[in-house]
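# Close look at the chain arrangement
Next come the chains, spelled out residue by residue.
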Amino acid sequence: MSSDGHDIEADPQARRRHRLLFRALERRRNPRLRRTDITITDQAAVKRAVKAASLGNAMEWFDFGIYSYLAVTLGHVFFPSGSDTAQLLSSFATFAVAFLVRPLGGMVFGPMGDKVGRKKVLALTMIMMAVGTFAIGLIPSYDSIGFWAPVLLILFRLLQGFSTGGEYGGASTFIAEYAPDKRRGFFGSFLELGTLAGYVGAASLVTALTAALGSEGMEDWGWRVPFLVAGPLGLVGLYLRLRLDETPAFQKLEDSSTYKASDAASAVETSAKGDLKKIFQQYWGTLVLCISLVGAYNVVNYMLLSYMPTYLSDEMGYSESHGLLLLVGTMIVLMLVINQVGRLSDRFGRKPLLAAGMLGFFVLSIPAFALVQQGSLAAVSAGMLMLGFSLVCLLGTMSAALPALFPTQVRYGGLAVGYNLSASLFGGTTPLVVTALIQVTGTDMLPAFYAMGAALVGLVAIACMKETAQQPLEGSPPSVETPQEAAEIAEAQAPAGRI
């Protein structure tokens, strides 16, 4: 037998013969948590962390959303004139380019966040996104510098995509590690509230500018304004993030003496640092689950929030501003209910809410797009809300469900790699693929079939995942809101009396 008991533990017969010995060894290696081991959250700190992560996320997605809503205009500005479809496809290809480097960003920033801290990496991604977006607003048009216009656009889109690779994994990890176990869904939902707010801000600004300047004014100079706004917004987000402390979970990894934790807390929270090799070798099953879940989620997410305005203008003949206004209205409705979805996921579990969202897309996509094709304001609004309420079940739950897939020491890295590989393959390519398939097949219902296929994949992934609601994050001690809850958990672990 080795000093740590692993040789005997590997032998089931020895375990049966020496049950009492093994029980004693297990207690020694994993002592019961005492009341002092359990994290009692500082509510003011939790709220500060949620606010900074969510506002920063809103600013990141404001920057990223601008491009989606200006896709048609940017096609005319940065690509040679010819067919409108060719220009739109070129614009969406450039949109997709940013997603191709997101996995690289995830592979760099994810393990970095597990080594140097969540806070520092989130500040760095904020700076890079603001610089990339601001720079796009300064690029001369194709008519001015020719070939170099799309080259520079692609370069700065790559910078945007690279920085986004570290954003979602870091922001969701940050909130998840601060939040108490029983309210992680509620606090996590604020992250996607920030995403929606960023999209709404971007769409509202583009709509207002288009209404004020018209198509010619937008193509002449108006398109630059939303990109240039990103500079000062980025500084605000950076200030908010730099004011935060590191998460308790990461501080425990970094220096176990920072918190007064006993051997029990140390046993469930190791100091190993996540790296790519460990993520791919030891957590490949979890990584595949994450990629499948995020792939399905991203297809339906980008289908509604990025592609729908283009679908309304190109396939339905709506004006660009009209389509954007309908989407803004839909997103505002989702913002009003998303935190309640987070609460429901804490009460009933992540899996039921995620399954409801995926089933909604599978069952309602065809009726929803059929309504959109009716063309009337009421029908289009109803169709978009059907898809929106399905999506909000995913939005309000995913930011709590995904960080719980990975243990603390590889959480940022595992989530950043899995999320961005999936977003690259399935999310950012959605507008490009759907636009191309509509041209090839000639059917306007193609987006509905695409969403249904994604929903099926999502349902399989949900069936394979564990329920994590109201449970401690893997690799961390329990996190509660009050000393009474800590005492109850410690009491529940006390050994029962024997006769």
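If you're wondering where the values come from, they're calculated on a predicted model, not measured in any experiment.

## Topic: the packing of helix α7 (residues 102–115) against helix α8 (residues 118–136)
Running from N to C, α7 and α8 point in directions that differ by 145°, and their axes come no closer than 7 Å. Note on element contacts: α8 touches α7 through Arg118, Val121, Leu124, Thr125 and Met128, opposite Phe109, Met112, Gly113 and Asp114. Its residues assigned to classes, the contact of α7 with α8 shows five nonpolar, two polar and two charged.

## Some points on the packing of aromatic side chains
Under the definition given, this model contains ten aromatic pairs. Ring plane angle 65° and centroid distance 5.5 Å describe the contact between Phe147 and Trp148, whose orientation is recorded as edge-to-face. Look at Phe147 and you get exposed, because its relative accessible area is 56%. In this structure an aromatic cluster arises from ring pairing among Phe78, Trp223 and Phe227. A cation over a ring is seen here: Arg343 above Phe186, with NZ or CZ 4.2 Å from the ring centre.

## Topic: the pattern of salt bridges
One pass over the full model with this rule turns up three salt bridges. When the shortest N-O distance is used, the salt bridge between Glu177 and Arg411 registers 2.8 Å. Remark: Arg411 occurs in helix α21 (residues 411–427) and Glu177 occurs in helix α11 (residues 167–178); sequence separation between them is 234 residues. Look at Glu177 and you get buried, because its relative accessible area is 7%. Residue Arg350 is joined to Asp346 by a salt bridge in which the shortest nitrogen-to-oxygen separation is 3.0 Å. Looking at Asp346, the relative accessible area reads 6%, which means it is buried.

## Details of helix α13 (residues 224–242)
Over its 19 residues, α13 extends 28 Å from the first C-alpha to the last, a length consistent with the 27 Å expected when each residue adds 1.5 Å. Gly231 marks the point of greatest bend in α13, at about 30°, and the proline Pro232 comes within the next four residues. Considered for burial, the residues of α13 that qualify are Pro226, Phe227, Ala230, Gly231, Gly234, Gly237, Leu238, Leu240 and Arg241. Against α4 (43–69), α5 (71–78), α8, α11 and α12 (184–222) lie the buried residues of α13.

## Considerations on the environment of Ser476
Checked against the element boundaries, Ser476 lands in the loop between α23 (446–464) and β2 (479–480). Taking the C-alpha atoms as reference points, Ser476 and Gln409, separated by 67 residues in sequence, lie 9.5 Å from one another.

Rules of the game
- Residues numbered from 1 in each chain as written.
- Predicted model: local features only at pLDDT ≥ 70, side-chain atom pairs only at ≥ 80, totals over all residues.
- Heavy atoms only, no water.
- Axes fitted to C-alpha atoms, helices over the stretch in contact; angles between N-to-C directions.
- Helix = DSSP H or I, 4+ residues; strand = E, 2+ residues; numbered from the N terminus.
- Contact = heavy atoms within 4.5 Å.
- Nonpolar A, V, L, I, M, F, W, Y, C, P; charged D, E, K, R; others polar.
- Phe/Tyr/Trp six-rings, centres within 6.5 Å; stacked < 30°, edge-to-face > 60°.
- Buried < 20%, exposed > 50% of the residue type's maximum accessible area, 1.4 Å probe, protein only.
- Lys NZ or Arg CZ within 6 Å of the ring centre and 35° of its normal.
- Salt bridge = Lys/Arg side-chain N within 4 Å of Asp/Glu carboxyl O.
- Expected span 1.5 Å × (residues − 1).
- Bend = angle between axes of the 7 residues up to and from the residue.

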